[in-house]
Amino acid sequence: MSITTEQLRARAAGTLWLRLAAVALPLLMIAPAFWNGYPLLQWDTGGYLARWYEGYLVPSRSTVFGIYLHFGESSGFWINLAVQSLVTLWLLQLTLRVLSMMQTARFAAISLLLILSTALPWLASMLLTDIFAGLSVLSLFLLIVGGSRISWAEKAALFVFTAFAAATHSATLGVLLGLCVVGWMARPLLGPRLPMSGLAQASLTIVAGSLMLIAANHALSGKWAWTPGGTGVAFGRMMQDGIVARFLNDHCPHEQFKLCPYRNELPATADEFLWGKSMFNTLGRFDGLDDEMGTIVERSLAEYPAWQAWAALRATGQQLLHVATGEGASVWIPHTYGIIERYIPAQVAPMRAARQQNWELNFDYVNWLHVPVALVSMLGLLVLLGHALAQRRLDDLTLLAATVTLALLGNAFICGVISGPHDRYGARMVWVATFVVLMALFRALSDDETKAR
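Quick caveat: nothing in here was measured; it's all calculated off a predicted structure. (Residues numbered from 1 in each chain as written. Predicted model: local features only at pLDDT ≥ 70, side-chain atom pairs only at ≥ 80, totals over all residues. Heavy atoms only, no water.)

Caption draft 1: Geometry of empty space enclosed by the protein. Within this structure, the stated rule accounts for three cavities of 30 Å³ or more. The volume enclosed by the largest cavity comes to roughly 90 Å³. Lining of the largest cavity is provided by 13 residues; of these, L123, M126, D130, G326 and E327 occupy positions nearest its centre. Taken together, the elements giving at least two residues each to the lining of the largest cavity come down to α8 (120–124) and α23 (423–452). Per-class residue counts for the lining of the largest cavity are eight nonpolar, two polar and three charged. (1 Å grid on protein atoms, 1.4 Å probe; cavity = no way out; pocket = protein on both sides within 12 Å on 5 of 7 lines; lining within 4 Å. Points joined across faces, edges and corners; volume = space filled by probe spheres on them. Helix = DSSP H or I, 4+ residues; strand = E, 2+ residues; numbered from the N terminus. Nonpolar A, V, L, I, M, F, W, Y, C, P; charged D, E, K, R; others polar.)

What follows is the structure, encoded as structure tokens:
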């Protein structure tokens, strides 16, 4: 069959657009960092950076992520942002390809819409674990359903990435574990739609991520231990809900707890208690109160089950609605600045010169768009699933929509119940819902064009 001049021109134009997208999209994905003049920092960034240097474990600060940041220090952390940008675009295009939707123009359009309307580029531009939370849901899904549509090299890369993402944050690991459990439970009903080999590979990433974290903890601290702090964070949420005050009032008359003298002075929020100037500091922080906080958490779960259940349900619902971009990035973050000054002095000058450190970073205008898009996207997921149920259709896009819905619910439950509702926890996951809804819209438009012909 001969190739016409028009076909050659079309191929050349397609190649040109592909090259332009390959150059422009990775840069646009971290455009906020270029605008800032330095990678974006957050309240928690310093705790991760310090892990390489301090030689001990800190609650809720993954040593795996700390090591990852350390390897980017010599570049001013721009290597980290490059990795985050490229991995994001790789997973977006691989998802489109596995679902038989990959076209250069469609990939570029969806990527641009995500960059413009969601937290994704801000997450990719920040030195924080959050970018890996949503991406890991996509990589886990691809491991399960990809089958022969992805190569062995791609499967190996997906496996390593998912395990790494699981090791960067306990909440991410919990969400991935929950998805695997649901997958095994649903397999008798869905059969070949959830291949056993894919589920096995996905489940092994949880094991590999756990071992990666324990090994990193040992390498940096000399202890074979999990990252500490779970009970302390849960204690803060229970204190915020009034459960701790009730427990202390019930038990202090006949039991001696360090917190008894302060039971009428407890702060209103967990953040004030754990990170502000509270009696938590006076009593020795985690070293002085960890055992007592664990005891109160365990006993209050048994003594006030109905209260705990209602608080958990309310926190989950509230977390689903907390989706604003930028929490903890547009405030004064002295701990992170102090860690950089102490351990990475070469980065002090560019860090101090950045717009963020000169109070030029404001997410109010950004969230006028991001919050409505996020909420509509979650509603769109429900519409997509409802339509599929009415049509009795379970294709790969519907399966992805169900996976993302479960991930959003699991993330809201884990983060809302343990840490209390925060916008940061919602924003890091909800952009995946927007991605799925955009895929459904582009597929519908493509089907309409096909029918019109």
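Caption draft 2: Looking closely at the state of the cysteines. Overall, the coordinates contain one disulfide when judged by the stated rule. The disulfide partner of C252 is C260, and the S-S distance across this bridge is 2.0 Å. Between C252 and C260, the S-S dihedral sits near -95 degrees, and the bridge is therefore left-handed. C260 matches C252 in its accessibility class, with the two residues each being buried. Unpaired in this structure, C180 has its nearest cysteine sulfur neighbour in C415, at a distance of 17 Å. (Disulfide = S-S within 2.5 Å. Buried < 20%, exposed > 50% of the residue type's maximum accessible area, 1.4 Å probe, protein only.)

Caption draft 3: The nonpolar core, seen in detail. Judged by nonpolar contacts, the single largest core of 105 residues is most densely connected at L92, L400 and M439. With 12 residues, the single largest contributor to this core is helix α9 (residues 131–145). Each residue touching L400, except ones within four places of it in the same chain, is listed here: T95, L99, L138, F141, V436 and M439. Core analysis: the next-biggest nonpolar cluster, separate from the first, contains 24 residues, M239, I243, L248 and C252 among them. (Core = buried A, V, L, I, M, F, W, Y, C linked by side-chain atoms within 4.5 Å. Contact = heavy atoms within 4.5 Å.)

Caption draft 4: Local environment of the environment of A165. Mapped onto the elements, A165 comes out in helix α10 (residues 152–168). Among the residues examined, A165 registers a relative accessible area of 0% and is labelled buried. Each C-alpha atom, one on A165 and one on R246, is 38 Å from the other, the two residues being 81 residues apart in sequence. What A165 contacts, discounting residues up to four positions off in sequence, is F132, S136 and T172.

Caption draft 5: Region of interest: the packing of α9 against helix α11 (residues 170–190). Between α9 and α11, whose axes approach to 10 Å, the crossing angle comes to 25 degrees. Comparing the axis directions of α9 and α11 gives the class roughly parallel. Crossing of α9 against α11: the hand is right-handed. For the pair α9 and α11, contact is made by F132, A133, S136, V137 and L140 and by T172, V175, L176, L179 and C180, respectively. A breakdown of the residues in the contact of α9 with α11 according to their chemical character gives eight nonpolar, two polar and no charged. (Axes fitted to C-alpha atoms, helices over the stretch in contact; angles between N-to-C directions. Parallel < 35°, antiparallel > 145°, perpendicular 65-115°, else oblique. Left-handed = near helix turned anticlockwise from the far one by under 90°.)

Caption draft 6: Highlighting the layout of surface pockets. Put simply, the largest pocket is a space of about 930 Å³. Broken down by element, the residue count for the lining of the largest pocket peaks at five residues, all from helix α15 (residues 270–275). A breakdown of the residues in the lining of the largest pocket according to their chemical character gives 18 nonpolar, 16 polar and six charged. Roughly 740 Å³ of volume is contained in the second largest pocket. In terms of lining, the second largest pocket is formed by 30 residues, of which the most central are V58, P59, W275, R285 and F286.

Caption draft 7: Highlighting the packing of helix α6 (residues 78–98) against α9. One way to put it is that α6 packs onto α9 with a least axis distance of 10 Å and a crossing angle of 35 degrees. The two elements α6 and α9 cross, and the hand of that crossing is left-handed. In this structure, α6 contributes Q84, V87, T88, L91, L92, L94, T95 and V98 to the contact, and α9 contributes I131, F132, L135, L138, S139, L142 and V145. Partitioning the contact of α6 with α9 into residue classes produces 11 nonpolar, four polar and no charged.

Caption draft 8: Layout of the side chain of Q308. Its location among the elements puts Q308 in helix α18 (residues 305–321). Setting aside its immediate chain neighbours within four residues, Q308 contacts R237, M238, I243, S300 and L301.

Caption draft 9: Inspection of the pattern of salt bridges at higher detail. Inspection of every chain in the model, using the stated rule, returns 17 salt bridges. Here R424 makes a salt bridge to D44, at a shortest N to O gap of 2.6 Å. With R424 in helix α23 and D44 in the loop between α2 (31–36) and α3 (45–49), this residue pair connects regions lying 380 residues apart in the sequence. Accessibility expressed as a relative area gives 11% for D44, which makes it buried. Between E54 and R51 there is a salt bridge, with its nearest N and O atoms 2.8 Å apart. (Salt bridge = Lys/Arg side-chain N within 4 Å of Asp/Glu carboxyl O.)

Caption draft 10: A look at unusual backbone geometry. A positive phi angle, close to 50 degrees, is found at R285, a residue other than glycine. Mapped onto the fold, R285 is located in helix α17 (residues 285–303). The phi dihedral of R392 is positive, around 50 degrees, even though this residue is not glycine. Inspection of the secondary structure assignment puts R392 in the loop between α21 (364–390) and α22 (396–418). Take R392: its relative accessible area is 81%, and that puts it in the exposed class.

On their own, these measurements won't tell you what the molecule is for.
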